[in-house]
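# Fold and contact review
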Amino acid sequence: MKKLIVLSLCASILLAACQSTPEKQVVIQKDMEQMIEKAIAAPEVQPAEEVKQSDAAKEKNPLYDKLGIPERWITGDEALNGKFVIKADTDIALPEADKLPIVRVQAGRFSQEMVDRFFEVFCGDTVMYEDTGERDKQYYADYILKLQQSLAKIDEADNADKEESSRLREKTQAHIEELEKQYKKAPDHVEYPICDGRLKTNRIDENKIKGSNTYIQAYAKPGDYNSTMIEVNNDAEYTMDSSYAFKDEYGNTVVVSPSSGSYVWFCRDGVTGSKSRSRNLVDPVRDVTAESLSGESVETKLGITPKQARERAQETLDALGLDYMAIDRVELCQGCREGNKGVQSYCVRVLRSINGTPLEGRNDYSESEIEGVGVGREWWYESCEIVVDDEGIASFYWMGPLEVTDILGEDANLIPFEDVENVFLKMLPVVNGDWVSRAETAVTYTVEKVRLALWRIIEKDSYTKGLLVPVWNIYCASEYTTELGEPYSSSALYYNKPTLCINAIDGSIIDTERGY
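Note that residues are indexed from 1 along each chain, following the sequence as it is written. Confidence filtering applies because this is a predicted model: local features only for residues at pLDDT of at least 70, side-chain atom pairs given and counted only at 80 or more, and all residues used for totals across whole chains, interfaces and linings. Side-chain numbers here rest on the full set of heavy atoms in the structure, without hydrogens or water.

### Here's the deal with the nonpolar core
Grouped together as the largest cluster of nonpolar side chains are 48 residues, with contacts concentrated most on W73, F424, V469, W472 and I502. Only DSSP runs of H or I reaching four residues or more are called helices, and only runs of E reaching two or more are called strands; each is numbered from the N terminus. Those elements that provide at least two residues to this core are α1 (32-40), α3 (63-67), β4 (84-93), α9 (417-438), β23 (443-458), β24 (465-481) and β26 (500-503). By residue number, the principal contributor to this core is α9, which donates 8 residues. Those residues in contact with I502, other than ones at most four positions away along the chain, are V420, V423, F424, P470, V471, W472, I474, G507, S508 and I509. Throughout this description, the term nonpolar core refers to a set of buried Ala, Val, Leu, Ile, Met, Phe, Trp, Tyr and Cys residues connected via side-chain atoms within 4.5 Å. Each residue is placed in one exposure class: buried if its accessible area under a 1.4 Å probe, protein chains only, is under 20% of its type's maximum, exposed if it is over 50%, and partly exposed if it falls in between. M128, A313, L317 and I393 belong to the second largest nonpolar core, which has 38 residues in total. Any two residues whose heavy atoms approach within 4.5 Å are treated as being in contact.

Below is the structure:
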C-alpha cells in the first residue's frame, strides 16, 4: 500500500509521519484585504435585530445590544432527511472587552532573556546538564536489569498467544544482548557539561531547506527520563525554505517542508515516569474553572484546591512576566498511561489576551497544500498549559508563541448574531455532511459552548505571518449509534477544536486545519 510520508522541518526537529491524503473540505476562500477593509471601515447604520435581554446582561457587556446576542442561545434544525440533527441550548461566552481588534502577527521566538527567566523560574537551584548521548556502565546495568525483569514476566504470563509471546521474548533477548555489548564498551563514569541556559545554534541543510535555529535541551540526570527536563526550541531562520514532494522507490509520496512552532517544555518529573504530569500523559476528569474562582473544594486525591492551583499558575505567569497571557480554564486531570494511571493534577489552560479578548487555538497546527497534497508548511497554533499538583508546578508547555506586529483596527465591524446563527445552521451539515450521510443512524450535534474570541488565520503562501480576527467558535458534542448498535459520542471541547469556526467579520467558515 502506497503512503504519504511527511517530513516537516520545525527548527531543529525532523518529524516523519505517515497518513492518508485528507479529503477536500468545503471552505469559503476569503480575500484577506477585502476582509480587512470591511472590518475597519466606518460601520453602516444597521442596528441588529432587537433581542430581549436582562438589564444585568446589558450592563455586563454592550455587545449583547450591539450584535443582538441572546443571553441564552436556543435553536435547532434537521438536515439530510432527518439524519443530521442540530440542537443548541447554551449560554454564550463573550470577552471582557466591548470591542474586538483585528491584529497582524508573525511567528515568535524566545529571546535569551526569556530563556533565562524559564531557567530561573523552573530550574532554580537544580543543576541542569546537556545530554551528549554517552552513557556509563551503571546506566546499561540498570537497563539490562529492567529488561531481564520484563523477560521474566513474559515467561510467567499465561499468554494464550504463544506466537506473540515468543516473538516478544526473542526481541527482548536480542535487545539485552545488544546492551551487554554496549556495557562492555561504556566508561565507568560520564561527566556531562553543565547547561547554563545559553541558547545553542543548530544548522539545517536539507536539500531546498537551509538555515539555522537556536535551542536548549537540559536534564537534571541525562538518560533518566524520570528526572527534571527543560527544552526550548526556536523557529529556524531560513535562507532557503522551498517545499517539495517526490516519489520514493516504493511509490510513496514524500513531502519535505519547513514548519513553524517555537516551544518551551518543562517537566519536573520527566516525561515518562510514574510521577510524570506531561501534558500528553493525562486526561481531563472534570472542568473546575468555576471552583478555581469561587474557592469551593472538589472531590480529589490532591491536597490543594482548584483555587490554590489557579493561584500557583498565576504566580508562575507573573514570575515569567507574561502579563499578556491569562488563565482561561482549569481542569482536574489524572494520568492515563501505565505508571501514572490515576495520579491527579490540575491542568491550567492559558490564552493570550489582546485588549481583553482571548486568542483561541487548537492543540496542533494549520498546514498548507503542496503540489496537490494537503500537508506541509505547518504553523502551530499558540497553546500554553501549566500543570499543578501538591508539590507545585509539575509541567509548563508553551507552543507557537506569537509576536504582534500591528493592530489594524481596535473595533472591528462584526455581523449580527442572527447572521451567525443562520451560517451555523446552514454550514454545519455542509462541513460534516459526508460522514453523517454514511452513518447507520441519525447523528445529533449538540452545542456545548459558543464563544466570541480571536483566531489566527494565515496570510497567502505563508506559514509564519497572519492575522488575528474575531470569530464565533462553536463546540459541539456528536452522538450516534454505531452499526454494532453501540452508542458513541465525541466532544469538540475535549480536543480544543471548534466544530465550526465562523469569521465574525464576514460570516465565512475558517478551515482550522488549513488556517484560512
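Still to come is the rest of the account.
### So, a negative patch on the surface
The grouping of E311, E315, D318 and D323 at the surface amounts to a negative patch. Mapped onto the fold, D318 is located in helix α8 (residues 306-320). Residue D318 is classed as exposed on the basis of its relative accessible area, which comes to 54%. Residues form patches when they are more than 30% accessible in relative terms and have no salt bridge. Like charges link within 9 Å. Nonpolar side chains (Val, Leu, Ile, Met, Phe, Trp, Tyr) link within 5 Å. Each accessible area is a Shrake-Rupley result for a 1.4 Å probe, and residues are judged covered by the shown protein chains and nothing else. A pair is scored as a salt bridge if a Lys or Arg side-chain nitrogen falls within 4 Å of a carboxyl oxygen belonging to Asp or Glu. Neither His nor the chain ends contribute to the count of charged residues, in which Lys and Arg are positive and Asp and Glu negative. For charged residues, the charge sits on one atom: NZ in Lys, CZ in Arg, CG in Asp, CD in Glu.

### Let's talk about the packing of aromatic side chains
Two aromatic rings from Phe, Tyr or Trp, using only the six-membered ring of Trp, form a pair when their centres are within 6.5 Å; if the ring planes differ by under 30 degrees the pair is stacked, by over 60 it is edge-to-face, and anything between is tilted. Tallying each qualifying case throughout the model produces 16 aromatic pairs. An angle of 45° between the planes, with centres 6.2 Å apart, marks the rings of F118 and F396 as tilted. Here F118, found in helix α4 (residues 112-123), pairs with F396, found in strand β21 (residues 392-399); they are 278 residues apart in sequence, far enough to count as distant. The pair formed by F118 and F396 is uniform in burial state, with each residue classed as buried. Both rings, one in Y365 and one in W380, keep their centres 4.9 Å apart while their planes meet at 70°; by these two values the pair is edge-to-face. You can see Y365 sitting in strand β18 (residues 365-366) and its partner W380 sitting in strand β19 (residues 379-380), a full 15 residues away along the chain. When its relative accessible area of 23% is taken as the criterion, Y365 is described as partly exposed. Look at W380 and you get buried, because its relative accessible area is 18%.

### Some details on α9
Its 22 residues place the ends of α9 32 Å apart at the C-alpha level, agreeing with the 32 Å of an ideal helix rising 1.5 Å per residue. At every residue, the bend is computed as the angle between two fitted axes, covering the seven residues ending there and the seven beginning there respectively. Of all the bends in α9, the greatest, near 65°, is centred on N432. For α9, the full list of buried residues reads F417, V420, V423, F424, L425, M427, L428, P429, N432, G433 and V436. Summarising the contacts, the buried residues of α9 are in contact with α3, β3 (72-79), β4, β23, β24 and β26. To estimate how far a helix should extend, the number of its residues minus one is multiplied by 1.5 Å.

### Some words on the pattern of salt bridges
According to the stated counting rule, one finds 20 salt bridges in the structure shown. R451 is the salt-bridge partner of D328, the closest N and O atoms lying 2.6 Å from each other. With D328 in strand β15 (residues 325-335) and R451 in strand β23, this residue pair connects regions lying 123 residues apart in the sequence. Considered together, D328 and R451 belong to a single accessibility category, that of buried residues. Via salt bridges that share partners, D328, R349, E360 and R451 belong to a single interconnected network.

### Details of helix α6 (residues 162-185)
Along its 24 residues, α6 runs 35 Å from first to last C-alpha, staying within 8% of the 34 Å computed at 1.5 Å per residue. Every buried residue belonging to α6 is among S165, T172, I176 and L179, and all of these are buried. For α6, the secondary structure elements touched by its buried residues are α5 (137-156).

### Considerations on the packing of α4 against α8
In this analysis an axis means a line fitted to C-alpha atoms, helices contributing only their contacting stretch, and an angle means the value between N-to-C directions, from 0 to 180 degrees. Two numbers describe how α4 lies on α8: the axes approach to 9 Å, and their chain directions differ by 140°. Taken together, α4 and α8 sit at an angle that is classed as oblique. Once α4 is placed against α8, the crossing between them reads as right-handed. Counting all contacts with α4, which are made through M114, R117, F118, V121 and F122, the residues of α8 involved are T316, A319 and L320. For the contact of α4 with α8, the class distribution of residues is 6 nonpolar, 1 polar and 1 charged. In what follows, roughly perpendicular refers to angles from 65 to 115 degrees, roughly parallel to angles under 35, roughly antiparallel to angles over 145, and oblique to any angle outside these ranges. Crossing handedness follows the turn of the near helix against the far one: under a right angle anticlockwise gives a left-handed crossing, and clockwise gives a right-handed one. Gly counts as polar in this scheme, as do all residues outside two lists: the nonpolar Ala, Val, Leu, Ile, Met, Phe, Trp, Tyr, Cys and Pro, and the charged Asp, Glu, Lys and Arg.

### Focus: the side chain of T316
On the secondary structure map, T316 appears in helix α8. Polar contact is defined as a pair of N or O atoms within 3.5 Å, subject to the rule that within protein one atom must be able to donate a hydrogen and the other to accept it, and that residues adjacent in sequence are counted only when both atoms are side-chain atoms. A distance of 3.0 Å separates the side chain of T316 from the backbone oxygen of R312, its partner in a polar contact. Every residue in contact with T316, bar those within four places of it in the chain, is listed here: V121, F122 and I393.

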